[in-house]
Amino acid sequence: MNDVVIRVGWPLMLVWPLVGWLANGLLGGRLPRTASGIIASGVAGASFATALLVASAYRGVAAADAAVSFPIPLFDWLGAGRLTVEASLLVDPLALVMALVVGGVGFLIHVYSIGYMADDPHPSRYFAYLNLFVFAMLLLVSAGNLLLLFVGWELVGLCSYLLIGYWFDRPAAAAAGRKAFVVNRIGDAAFLLGVFLLFVALGTLDILEIREGVATLSGAERRLAALLLFAGATGKSAQLPLHIWLPDAMEGPTPVSALIHAATMVTAGVFVIARLDRLFLTAPEALVVVAMVGALTAFFAATVALRQHDLKRVLAYSTISQLGYMFVGMGVAAPSAAIFHLVSHAFFKALLFLAAGSVMHAMHEVIDMRRLGGLARPLRQTAGGFVIGALALAGVPPFAGFFSKDLILEHAFAFGLRTGNYLPYALGLVTAAVTAVYITRAVLLTFSGPPAEPGARPHEAPPVMLWPMAALAVLSVTGGLLGASVAGAPLLRFLDGLLGLVESGAEAAPHPPAGLLLGLSVAAALAGMLVGWRAHRGRRDPVLGRVGVFLEQRWYIDALYDRAIVAPGHTLARWLAGPFDLGVIDGAVNLVGRGLGALGGQARRLQTGYARQYALGVLIGTVLILGYWMLRW
Amino acid sequence: MVPSFAYLALSAALFTLGAMGVLVRRSALIIFMSVELMLNSVNLAFVTFARMHQSIEGQVVVFFVLVVTAVEVVVGLALIVDIFRSRESVDVDDVDLLRG
Amino acid sequence: MLSVLIALPLAGALLVALIPREREETIRRVGLAVSLGALVVAAWLFRAFDPASGEMQFAVRVPWIPALGIGYAVGVDGISLLLVGLTAVIFPLALLGSWGSITEQVKWFTVAMLSLEGAVFGTFLALDLILFYVFWEAVLIPMAFLIALWGGPARRYAAIKFFLYTMAASVVMLVAILALHVLGRRLLGERTFDLEVLATMVLPPGVQAWLFAAFALAFAVKVPVWPLHTWLPDAHTEAPTAGSVILAALLLKMGTYGFVRFGPMLFPEALPASAPLLAALAIVGILYGAVVSWAQTDLKRLIAFSSVSHLGFVMLGIASLTEQGLQGSLIQMVNHGISTGALFLIVGVLYDRTHSRQIADYGGVAALMPRFAVIFTIVMLSSVALPGTNGFVGEFLILLGAFQTSTWWAVLGVGGVILSAVYLLWAYQQVMHGPQAARHPERLVEVTRREVLVFAPLVALIFLIGVYPKPLLDRSEAAVQAVLNRLDRPAMAEPLRRPR
């Protein structure tokens, strides 16, 4: 029975949002305006319910701690020579956790969107995209082979593009969508090469077979494949150096930022590393790169978040920073901890974004913190939700973020003990403090003090927006229990069966002083909050001098890309298209044409038009031919 | 009996005269007559050779040539008349539509 | 049955030529009906085709000019089948798509299109080299007329350039064909131009190299392989919509088809030997076409250069000489026909309304034409090779094949995947997104029912091939296997036998 539920339920979970997509996409114009959102939320809810059902059935089948992987073949997809790709799904703890997060948070955000998009003239297009995204994301997490995973991977990128540019009449939104797509493509290209490498080395793209086959790869192959796939992950998960698209992506509707650019899609990079944990965990050199990139990104993005004025951009950089933590978790060979942070981050960051969306909703799209302020009174529930999210983000116990972040730091310290490389831990700890500073600043600038523009009359969001926020607030408070040792860490135990087996050498290493580390984390968070409070009390916003400009300019990375890549690229394109293609290549062609034409022009002179000259020519020709013959005779 | 050589010499002389006429004269009518002269010189050569080799073929060819000549005269004169109508001249150097 | 496929459009052209020119509506319907008839035949062929066999099927061989060894020989295998199917699909759509835009000389337009269809079928089906050459050149004539009579302002320049450029290269191929014939007479003692007979010859590498170079030149101009591509943007820009569609979707495929069809059969050693060169040119083409596209201001030129880039992928797949690469190339030929054909139709929709192809004359069109925006988005994504659309299947297989032959080929080729997103999304944004900035917004009315009817099959195929490409891949697999088997043939170091 459980077996049937899994085999039917898992594909069914994918079918629901597809149905919603088709309904909204094809019938969109003819549906009543309110129906779009209800249909979309309904299918997202159904999808979540199905995932829950499968999860409980899975718990029934698999013994408590042992991980069982159910492959579910669907159909033969494509084949050429020894390449045969079967469209197949996979059920295992990792996929279940991800599907539950995507389905659950997705459902809440769909509901929230009903309120948020109430004034939009064509909500059916929005909800169609949103449903397509849920489908793609579920496909990504449930795929049983790398190619299908890549399909989901690209489709979520597509949905991201479509939804960022949802208000396509705004040039900034359209450009941001395009930027997201192109930057992601750069990562995708590397990802694809990684897939090729694995196929050529192993002859298969099936994830289970790859798990088995990794051991047969040479060290260099493992390292290269892991690095290529990680390069893909840096694109999707907005890590250095491909992080530039995510802040711009905030041009999209805020629920989209919450769902795609905070809770789910951007975590796909983390997910992929967990999915291929055997590959990464057996390529230690690649893991170090993962950890270092993650740590640097976490630190970099947190500092930048200190000096952003757009509330959503602060949250965007915060997301980049938190994703950095997850990669640190992966890099220090603690995939379960990383996934735990992924889950708790999904809760509290979605909450923060939804609260920010509520602020925008109330303030008529104003999101610049310099124009906000004093919103705690009119928007009490929203403010409450935002503060809960902020506390969770800052890592204050007992909120969700505290447990997951601390766990990663603990593993990072253990990594330091093992390898002598304490940089990931140190950067992580500093980042924790910085995080507390910037989120405190965001809370104070937005909600405290007198309003910057007293004329505005903000109004609290409708219940359809508040309820999802409430649900997420509850999760942000209690989510830590999923991984807290006091509660038996059910999530970690669930995942460890799958991911924990190969923690390379972690067991043998000396144990970190957990109590001390815990104290340090809490101290960092509280110190950060204190600094933030002192600096920004009463909505003051010190500019921090030159450092502040440096941070405000995002370390000049975006400017560097513009100057070093985009502008020269366009110049090159124009040069190739103009002087080179038209001038040199086509010029050569036309030169041949003109040369032949000139030759013809010369030959034309022979045609004088005098019949007698032609006759003379005939005579001379005849004489010559006859003479030749006679001489030959 | 006149030797065959004399006929052939006459034929060659007539041919040369005709060829020179074609090349140096400007009036289309004279050129035309020169062409006729060339054709007839060839006829003379054919007949001479037919006599020399006691063969009928040369004489048969002469008939063909005569027929072709007649046709040519008809077409050629028609063309000349037509050109004269449109240009008021039969000078071949005036007709140079095909000059490159 | 194959002869029906060739003869039906030609007969249709004759029939249309007999209809009085004033009855334009009748002419259009007859033209469409004939091309739909060919589609039915092609569909039957697709079903009746035996995927397990790598041999020529439905082959017909009739002596034509026996004194010279020229025969009428046609046949279809997995390689040509896909292209025949594509031809049959594209022509009705191109005809239907030009109902709105071609209003002058409808009769001769239809005659030209139908005779073009017959010639294209002939090119893909011919098994006799002279027959192939006749069809190959015959394609030029109606196409040049399409450009020269119904084209844009610089149409005469474009038509002459197209005609001379491609013909000059083809003549070289004719010389090589005659050389093959002469060699065949010496080595096989038989006067023949039959491809399969000539393929049994074993030529020394030096001779192969020269003859292959001659064939390759003709094909490379047609593809077009960089740097022989400059006729393409001009021809595309000036051609009417239907002409551009046929040109991009089918005529370019004749070049790549030529490489796959004749390369392995006639030059089994020269082809692998020149593969690195072909791959290098293909990669340059991929990157160059993509970068140059980015700087275009004219939509049709942009798509033309994107074709250079996409056909570069096809060439890369061929040059990889792996099963995945070749299969990918074949399916990518079909894909490019669908996506780029659709892109030209899309430009045609815009051009019909505003008579401008300049990107700068548009902006914010999505708000005015939402249904059109959906179509454009799907087609653009297919061209970007997004998974779930047809383009992905082809590019994935090609790059996978290239990766196996040489890692660097794939690494560089993947760069084209990135760049294609850059220029296509850029163009899409300029035209469709942003604030309302079109020069003639009042003329940009939503797509009509007829236009939707034109796009519907293409969009359906985009998804169908993207999600379930197996029917196509299955049919080409055996033929590709046969191709590779020929290349594995051990090289025989036998000197060329001289007569006497």
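Per chain, residues are indexed from 1 in the order of the written sequence. Lettering of chains starts at A and numbering of ligands starts at 1, both following the order in which they are written. The model is predicted, so local features are restricted to residues of pLDDT at least 70 and side-chain atom pairs to those at 80 or more, both for listing and for counting; the totals for chains, interfaces and linings are taken over all residues.

### Overview of the overall build of chain A
Each helix and strand in chain A was counted, giving 24 helices and two strands. Principal-axis analysis of the C-alpha atoms gives chain A an extent of 120 × 65 × 60 Å. Counting all 633 residues of chain A, 56% fall into the buried class. Looking at chain A alone, contacts between residues at least 24 apart form 82% of all its contacts between residues at least 6 apart. Strands are runs of DSSP state E lasting at least 2 residues, helices are runs of H or I lasting at least 4, and numbering of each runs from the N terminus. Buried residues are those with 20 or more other C-beta atoms within 10 Å of their own C-beta, exposed residues have 12 or fewer, and partly exposed residues lie in between; C-beta atoms are placed from the backbone. Once C-beta atoms are placed from the backbone, any two residues with those atoms within 7 Å are in contact.

### Quick look at the overall build of chain B
Summing up its helical and strand segments, chain B has three helices and zero strands in all. Each helix and strand of chain B, ordered N terminal to C terminal, gives the series α-α-α. Radius of gyration means the value over C-alpha atoms here, while the globule rule gives 2.2 Å times the residue count to the 0.38 power. Scaling as 2.2 N^0.38, a compact globule of 100 residues should have a C-alpha radius of gyration of about 13 Å, whereas chain B reaches 17 Å, well beyond that. Projected onto the principal axes, the alpha-carbon positions of chain B cover approximately 50 × 25 × 25 Å. A total of 100 residues make up chain B; the buried ones form 12% of that total. Long-range contacts, defined here as pairs at least 24 residues apart, represent 47% of the contacts in chain B between residues at least 6 apart.

### Digging into the interface of chain C and chain A
Contacts between the two partners involve 41 residues from chain C and, on the opposite side, 38 residues from chain A. Those elements giving two or more residues to the side of chain C that touches chain A turn out to be α11 (270-294), α13 (323-354), α14 (365-368), α16 (390-405), α17 (407-432) and α19 (470-488) of chain C. Per element, the largest residue contribution to the side of chain C that touches chain A is 10 residues, and it comes from α17 of chain C. When residues are grouped by polarity, Ala, Val, Leu, Ile, Met, Phe, Trp, Tyr, Cys and Pro land in nonpolar, Asp, Glu, Lys and Arg in charged, and all others, Gly among them, in polar. Taken together, the residues of the side of chain C that touches chain A break down into 28 nonpolar, 10 polar and three charged.

### Some thoughts on the pairing of strand β1 (residues 70-80) of chain A
Between any two strands, at least two bridges found by DSSP are needed for them to pair. Examined bridge by bridge, β1 of chain A and strand β2 (residues 83-91) of chain A share nine bridges and lie antiparallel to one another. Considered in β2 of chain A, the bridge of Ile-72 of chain A is made with Leu-89 of chain A.

### With respect to unusual backbone geometry
With an omega of 0 degrees, the peptide bond running from Leu-240 of chain A to Pro-241 of chain A counts as cis. With respect to the helices and strands, Pro-241 of chain A occurs in the loop between α8 (219-236) and α9 (245-248). Pro-398 of chain A follows Pro-397 of chain A through a cis peptide bond whose omega is 5 degrees. For Pro-398 of chain A, the location among the structural elements is in the loop between α16 (380-394) and α17 (400-419). With a phi close to 55 degrees, Gln-105 of chain C is a non-glycine residue in the positive phi region. What makes Gln-105 of chain C partly exposed here is the crowd of 14 C-beta atoms within 10 Å. Not every positive phi belongs to a glycine, and Ala-385 of chain C is a case in point at roughly 65 degrees. Of the residues examined, Ala-385 of chain C has 28 C-beta atoms within 10 Å and is grouped as buried.

### Observations concerning the interface of chain B and chain A
Every contact between the two is made by 10 residues of chain B and, on the other side, 12 residues of chain A. Residue composition of the side of chain B that touches chain A, by class: six nonpolar, one polar and three charged.

### So, the arrangement of the chains
The assembly contains two pairs of chains in contact; the pair sharing the most contacts is chains A and C. Without any contact between them, chain B and chain C keep their closest C-alpha atoms 22 Å apart.

### Considering the environment of Phe-376 of chain C
Residues and elements named next belong to chain C. Tracing the backbone through its elements, the reader meets Phe-376 in helix α15 (residues 370-384). In this structure Phe-376 comes out as buried when scored by C-beta crowding, with 24 C-beta atoms within 10 Å. Linking Phe-376 and Ser-329, residues 47 residues apart in sequence, is a C-alpha distance of 24 Å.

### Some details on the nonpolar core
Ranked by size, the top nonpolar core spans 439 residues in total, and within it Phe-133, Cys-159, Ala-350 and Leu-351 of chain A together with Val-84 and Leu-316 of chain C carry the most contacts. No other element matches the 18 residues that helix α6 (residues 171-202) of chain A contributes to this core. Beyond its immediate chain neighbours, meaning those up to four positions away, Cys-159 of chain A contacts Tyr-129, Leu-132, Phe-133, Ala-136 and Ile-260 of chain A. Each nonpolar core consists of buried Ala, Val, Leu, Ile, Met, Phe, Trp, Tyr and Cys residues. Their C-beta atoms, within 7 Å, join them into a set. The next biggest cluster of nonpolar side chains, apart from the first, holds six residues, and it includes Val-22, Ile-31, Phe-32 and Val-92 of chain B.

### Considering the environment of Ile-320 of chain A
Residues and elements named next belong to chain A. By the secondary structure assignment, Ile-320 is in helix α14 (residues 311-331). Residue Ile-320 is classed as buried on the basis of its 26 C-beta neighbours within 10 Å. Taking the C-alpha atoms as reference points, Ile-320 and Phe-300, separated by 20 residues in sequence, lie 9.0 Å from one another. Apart from residues lying up to four places away in sequence, Ile-320 is in contact with Ala-238, His-243, Leu-246, Thr-297 and Ala-301.

### Section: helix α3 (residues 93-116) of chain A
Because an α-helix packs 3.6 residues into every turn, residues spaced three or four apart end up facing the same way. Expected helix span is taken as 1.5 Å per residue step, with the number of steps being one fewer than the number of residues. Across its 24 residues, α3 of chain A extends 34 Å between first and last C-alpha, which sits within 8% of the 34 Å expected from 1.5 Å per residue. Burial of α3 of chain A is extensive: 23 of the 24 residues sit out of reach of the surface.

### Observations regarding helix α18 (residues 423-447) of chain A
End to end, α18 of chain A covers 36 Å across 25 residues, agreeing with the expected 36 Å (1.5 Å per residue, within 8%). Gly-449 of chain A occupies a position one or two residues after α18 of chain A and carries a positive phi of about 65 degrees.

So far we have only geometry, and geometry alone does not tell us how the molecule works.
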